[in-house]
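Examining the three-dimensional arrangement
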Amino acid sequence: RQVLPKSFDLGKRKKLPALQHDANILKLGAHHINYSDTSSWKAVGWLYVMEGASLGGQVIMRKILANHAIAETGAYRFYEGYGNQTGPYWLSFKTTIDQTVPTEKEQEVVEGAQTAFNILGRCMEGYRSK
């Protein structure tokens, strides 16, 4: 069930191809995340986390480009986000959810975001020692 307006183009916000690109270069194993039990409103929380990561990725990207050893790997596509459109995309996303999420569904969105942080954090645990 789609909860965000049709005008909100999810297709342009896909993150998986960039994550797969970077993981392949770094030879990181795949993690499978099952979120089929996630409600539509909880999925908005997941999207909040991923869109926020795009915004924060801009800061990380500057550090990566300053370190030539890391930059040479080319494993930073995820951090590129939407390039110079990252800020406007974030503002568009934030405005959309502020106008769309009913007060009675806010807790579901928060729960979805918390789940996303927890699962993504567990995924990263295995890469700390690599």
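For the structure itself, consult the block above.
The structure reproduced in this document is the subject of the present report. These numbers were taken from a predicted model, which means no experiment stands behind them.

Rules behind the numbers
Residues numbered from 1 in each chain as written. Predicted model: local features only at pLDDT ≥ 70, side-chain atom pairs only at ≥ 80, totals over all residues. Heavy atoms only, no water. Phe/Tyr/Trp six-rings, centres within 6.5 Å; stacked < 30°, edge-to-face > 60°. Helix = DSSP H or I, 4+ residues; strand = E, 2+ residues; numbered from the N terminus. Buried < 20%, exposed > 50% of the residue type's maximum accessible area, 1.4 Å probe, protein only. 1 Å grid on protein atoms, 1.4 Å probe; cavity = no way out; pocket = protein on both sides within 12 Å on 5 of 7 lines; lining within 4 Å. Points joined across faces, edges and corners; volume = space filled by probe spheres on them. Nonpolar A, V, L, I, M, F, W, Y, C, P; charged D, E, K, R; others polar. Polar contact = N/O pair within 3.5 Å; in protein donor to acceptor, adjacent residues only side chain to side chain. Contact = heavy atoms within 4.5 Å. Axes fitted to C-alpha atoms, helices over the stretch in contact; angles between N-to-C directions. Parallel < 35°, antiparallel > 145°, perpendicular 65-115°, else oblique. Left-handed = near helix turned anticlockwise from the far one by under 90°. Salt bridge = Lys/Arg side-chain N within 4 Å of Asp/Glu carboxyl O.

1. Concerning the packing of aromatic side chains
- By the definition in use, this model includes 6 aromatic pairs.
- Ring geometry for Y48 against W90: centres 5.3 Å apart, planes inclined by 65°, an arrangement best described as edge-to-face. Residue Y48 is found in helix α2 (residues 40-66), and its partner W90 is found in helix α5 (residues 86-100); the two are separated by 42 residues along the sequence.
- On the basis of relative accessible area, W90 is assigned to the buried category, the value being 14%.
- Ring geometry for Y48 versus F93: centroids 6.2 Å apart, planes at 50°, classification tilted. One end of the pair, Y48, is in helix α2; the other, F93, is in helix α5, with 45 residues separating them in the sequence.
- With relative accessibility at 32%, the residue Y48 sits in the partly exposed group.
- With a relative accessible area of 0%, F93 lands in the buried category.

2. Quick word on the layout of surface pockets
- Approximately 200 Å³ is the volume found for the second largest pocket.
- With 6 residues, the single largest contributor to the lining of the second largest pocket is helix α6 (residues 106-125).
- In terms of residue class, the lining of the second largest pocket is built from 7 nonpolar, 1 polar and 2 charged.

3. A short note on the side chain of K15
- Among the secondary structure elements, K15 is positioned in the segment before α1 (16-25).
- At a separation of 3.1 Å, a polar atom in the side chain of K15 contacts the main-chain carbonyl oxygen of R13.
- A polar atom in the side chain of K15 sits 2.6 Å from the side chain of E51.
- If we ignore the near neighbours within four places in the chain, the residues touching K15 are M50, E51, S54, F78 and Y82.

4. With respect to the packing of α2 against α5
- Relative to each other, α2 and α5 sit at 155°, their axes nearing to 10 Å. The orientation of α2 with respect to α5, classified from their angle, is roughly antiparallel. Crossing handedness for the pair α2 and α5: left-handed. Between α2 and α5, the contacting residues are W41, V44, L47, Y48, E51, G52, S54, L55 and Q58 on the first element and T86, G87, W90, F93, K94, I97 and T100 on the second.

5. Description of the pattern of salt bridges
- Evaluation of the coordinates by the stated rule reveals 5 salt bridges.
- Note that K15 is salt-bridged to E51, the shortest N-O span being 2.6 Å. Of this pair, K15 sits in the segment before α1 while E51 sits in helix α2, placing them 36 residues apart in sequence. E51 shares its class with K15; the two are buried.
- K105 is the partner of E108 in a salt bridge, and the nearest nitrogen-oxygen pair spans 3.3 Å.
- For K105, a relative accessible area of 27% translates into the label partly exposed.

6. Structural notes on the environment of R77
- Along the polypeptide, R77 turns up in helix α4 (residues 77-80).
- Spatially, the C-alpha atom of R77 lies 9.1 Å from that of M61, the residues being 16 residues apart in sequence.
- Dropping the residues within four chain positions of it, R77 is found in contact with A18, H21 and D22.
- Side-chain polar atoms of R77 contact the side chain of H21, separated by 3.3 Å.

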